[in-house]
Amino acid sequence: MDRRAFLQKTTAMTAALGLPRAAAAQPAPAAAPARTLGPVNKARTFKLKYAPHFGMFEQSAGKDLIDQLKFMADQGFTALEDNGMMGRTPEVQAQLGEAMAKLGMQMGVFVIQTGGNNSDRFTTGKAENPAQFRKACEAAVEVARRCNAKWMTVVPGGFERKLPIGVQHGHVIDTLRAGAEVLEKANLVMVLEPLSDNPDQFLRTSDQTYMICRAVNSPACKILFDIYHMQKNEGHIIPHIDWAWSEIGYFQIGDNPGRKEPGTGEVNYRNIFKHVAAKMQADSRDFIFGMEHGNAYPGKDGEQKLIDAYVAADAF
């Protein structure tokens with residue numbers, strides 16, 4: 001499951017609610033009446049802030065996004081991530097932010113729109129790149145305000161094969177600094193995600209991302225440590241978390257192979273969660289753990305198995 005699939009799925013669900021897509025340039029509809037949400041009846045309390053995404057529990061909760069949020073909260077999840085939040089209408093962004101506040105849920109990452117994972121807006125050194133990224137970050141600030149978000153995913157595009165790797169790093173750092181100036185003023189954080197999807201993507205490992213974050217030198221630029229991607233690209237997960245710890249701002253989850261819930265692949269998530277939780281307590285830090293993966297099994301039974309997998313992984 002890649003980010004494009006997540007965006008397509010969330011767009012389809014927005015359409016199912018009868019809401020206009022942001023890109024359609026339609027007049028803004030009248031604000032919908034506030035939803036009445038009953039009290040959260042938690043089935044359990046997790047030790048960590050695991051963040052599902054829309055569609056993960058659609059068979060149990062239905063297609064309505066607010067109903068899905070309520071189901072997540074009742075199951076004990078205290079956060080949400082929504083890669084496609086910037087593609088939703090301002091009205092929907094605000095409604096989701098209000099619903100999460102009522103349910104005691106925290107907003108995780110959404111993706112800053114920069115032209116896709118293989119964009120040339122970072123490595124090429126084009127004169128317009130910093131200004132374009134600054135503009136994208138300014139738009140993200142408004143979205144974050146509506147949905148009460150703090151973290152936004154950034155993928156620094158694809159390689160520029162005609163330039164030396166060190167020069168490309170310099171271009172990436174310059175462009176990220178332009179965006180960090182915007183986000184730092186708003187007390188927001190972009191989290192850079194190294195990926196394993198294909199070899200053309202510039203950002204690949206946690207140590208490379210650590211180096212870039214240190215060079216940008218801003219509290220608004222940190223690492224998104226996606227354990228699925230890092231298991232594929234570098235392995236040795238716990239030591240790499242320790243080495244990059246000071247620059248990590250957010251975690252994401254997905255077992256490998258398959259990119260499904262914990263317990264379906266080779267990663268010992270219970271040990272990783274135990275290790276990170278101990279470091280969090282020692283350093284008085286807190287993280288959201290985005291559930292950026294698919295469901296291993298279909299239907300309501302599959303959704304319950306996914307929940308059970310998190311209960312098992314959280315039992316450290």
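Above this text is the structure in question.
We now turn to the structure provided with this report. What you are looking at is a predicted structure, and each value in this text was computed from that prediction instead of being measured. (Residues numbered from 1 in each chain as written. Predicted model: local features only at pLDDT ≥ 70, side-chain atom pairs only at ≥ 80, totals over all residues. Heavy atoms only, no water.)

Bringing the pairing of strand β6 (residues 189–192) into the picture now. By the alternation rule, side chains of β6 split into Val 189 and Val 191 and Met 190 and Leu 192, which are all buried. Taking the sense of rotation as the criterion, the β-α-β connection linking strand β5 (residues 151–154), helix α6 (residues 165–185) and β6 turns out right-handed. Note that the unit made of β6, helix α7 (residues 206–216) and strand β7 (residues 221–226) has a crossover that is right-handed. (Buried < 20%, exposed > 50% of the residue type's maximum accessible area, 1.4 Å probe, protein only. Helix = DSSP H or I, 4+ residues; strand = E, 2+ residues; numbered from the N terminus. Right-handed = clockwise from strand over helix to strand, strands pointing away.)

In this section: the environment of Ile 238. Of note, Ile 238 is situated in helix α9 (residues 237–244). What makes Ile 238 partly exposed here is its relative accessible area of 26%. For Ile 238 and Ile 272, which are 34 residues apart along the polypeptide, the C-alpha to C-alpha distance reads 6.6 Å. Leave out the neighbours within four places in its chain, and Ile 238 touches Asn 271, Ile 272 and His 275. (Contact = heavy atoms within 4.5 Å.)

Pairing between the strands of a sheet is mediated by backbone hydrogen bonds and can be parallel or antiparallel. Pairing in this open sheet of seven strands is parallel, and the strands run β1-β9-β8-β7-β6-β5-β4 from one edge to the other. Single-partner strands in this sheet number two, and they are β1 (49–51) and β4 (110–111). Bridge count for β5 against β6 is four bridges, and the pairing is parallel. Among the inter-strand pairings, Met 152 is bridged to a residue of β6, identified as Met 190. (Pairing = 2+ DSSP bridges.)

The next subject is the packing of helix α3 (residues 65–74) against helix α4 (residues 90–103). Following both chains from N to C, one finds α3 and α4 inclined at 25 degrees, their axes separated by 10 Å at the closest point. The angle between the axes of α3 and α4 places the two elements in the roughly parallel class. Crossing geometry of α3 relative to α4 is assigned as right-handed. On α4, the residues that touch Leu 65, Ile 66, Leu 69, Lys 70 and Ala 73 of α3 are Gln 95, Leu 96, Ala 99, Met 100 and Leu 103. For the contact of α3 with α4, the class distribution of residues is eight nonpolar, one polar and one charged. (Axes fitted to C-alpha atoms, helices over the stretch in contact; angles between N-to-C directions. Parallel < 35°, antiparallel > 145°, perpendicular 65-115°, else oblique. Left-handed = near helix turned anticlockwise from the far one by under 90°. Nonpolar A, V, L, I, M, F, W, Y, C, P; charged D, E, K, R; others polar.)

Further remarks concern α3. Each α-helix winds once per 3.6 residues, and so residues spaced three or four apart point in a common direction. A large share of α3 lies buried, amounting to nine of its 10 residues. Those residues of α3 that sit buried are Leu 65, Ile 66, Gln 68, Leu 69, Lys 70, Phe 71, Met 72, Ala 73 and Asp 74. The opening residue of α3 is Asp 64, an N-cap whose side-chain oxygen sits 2.9 Å from the backbone nitrogen of Ile 66. Backbone geometry just after α3 places Gly 76 at a positive phi near 100 degrees. (Polar contact = N/O pair within 3.5 Å; in protein donor to acceptor, adjacent residues only side chain to side chain.)

It is worth spelling out the pattern of salt bridges at this point. Inspection of the entire model under this criterion finds 12 salt bridges. Here Glu 247 and Lys 222 are joined by a salt bridge, their closest N and O atoms 3.0 Å apart. Here the residue Glu 247 occupies a position in the loop between α9 and β8 (248–252), and Lys 222 occupies one in strand β7, the gap between them amounting to 25 residues. Accessibility expressed as a relative area gives 18% for Lys 222, which makes it buried. For Lys 279, the salt bridge identified is with Asp 242, shortest N-O distance 3.6 Å. Taken together, the positions of Lys 279 in helix α10 (residues 269–283) and Asp 242 in helix α9 put the pair 37 residues apart, joining distant regions of the chain. With relative accessibility at 31%, the residue Asp 242 sits in the partly exposed group. One network of salt bridges, with partners in common, ties together Arg 214, Lys 222 and Glu 247. (Salt bridge = Lys/Arg side-chain N within 4 Å of Asp/Glu carboxyl O.)

A word on the packing of helix α5 (residues 129–147) against α6. Contact geometry of α5 with α6 gives a least axis separation of 8 Å together with a crossing angle of 30 degrees. What the angle tells us is that α5 and α6 run roughly parallel. The chirality of how α5 crosses α6 is right-handed. Mapping the contact onto sequence places Asn 129, Pro 130, Phe 133, Arg 134, Cys 137, Glu 138 and Val 141 in α5 and Thr 175, Leu 176, Ala 178, Gly 179, Glu 181, Val 182 and Leu 183 in α6. Across the contact of α5 with α6, the residue classes tally to eight nonpolar, three polar and three charged.

Turning our attention to the nonpolar core. In terms of nonpolar packing, the biggest core is built from 79 residues, with Tyr 50, Leu 69, Phe 110, Leu 176, Phe 251 and Phe 289 touching the most fellow members. Top contributing element to this core by residue count: α5, with eight residues. Discounting chain neighbours no more than four positions away, the residues touching Leu 69 are Phe 54, Leu 80, Leu 96, Ala 99, Met 100, Leu 103 and Met 105. Ranked by size, the runner-up nonpolar core spans nine residues in total, among them Val 109, Val 191, Leu 224 and Tyr 250. (Core = buried A, V, L, I, M, F, W, Y, C linked by side-chain atoms within 4.5 Å.)

Another aspect to go through is the environment of Val 311. With respect to the element layout, Val 311 can be found in helix α11 (residues 299–313). Expressed as a C-alpha distance, the spacing of Val 311 and Arg 44, which sit 267 residues apart in the sequence, is 8.7 Å. Among residues more than four places away in sequence, those in contact with Val 311 are Arg 44 and Phe 46.

All right, on to unusual backbone geometry then. Across the junction of Asn 256 and Pro 257, the peptide omega takes the value 0 degrees, indicating a cis bond. Position of Pro 257 relative to the elements: it lies in the loop between β8 and α10. Within the chain, Asn 187 stands out as a residue other than glycine whose phi angle is a positive 60 degrees. Here Asn 187 shows up in the loop between α6 and β6. A residue is classified by how much of its surface remains accessible, and Asn 187, at 56% relative accessible area, is exposed. Positive phi, close to 55 degrees, is recorded for Arg 259, a residue that is not glycine. The buried category is assigned to Arg 259, whose relative accessible area is 4%.

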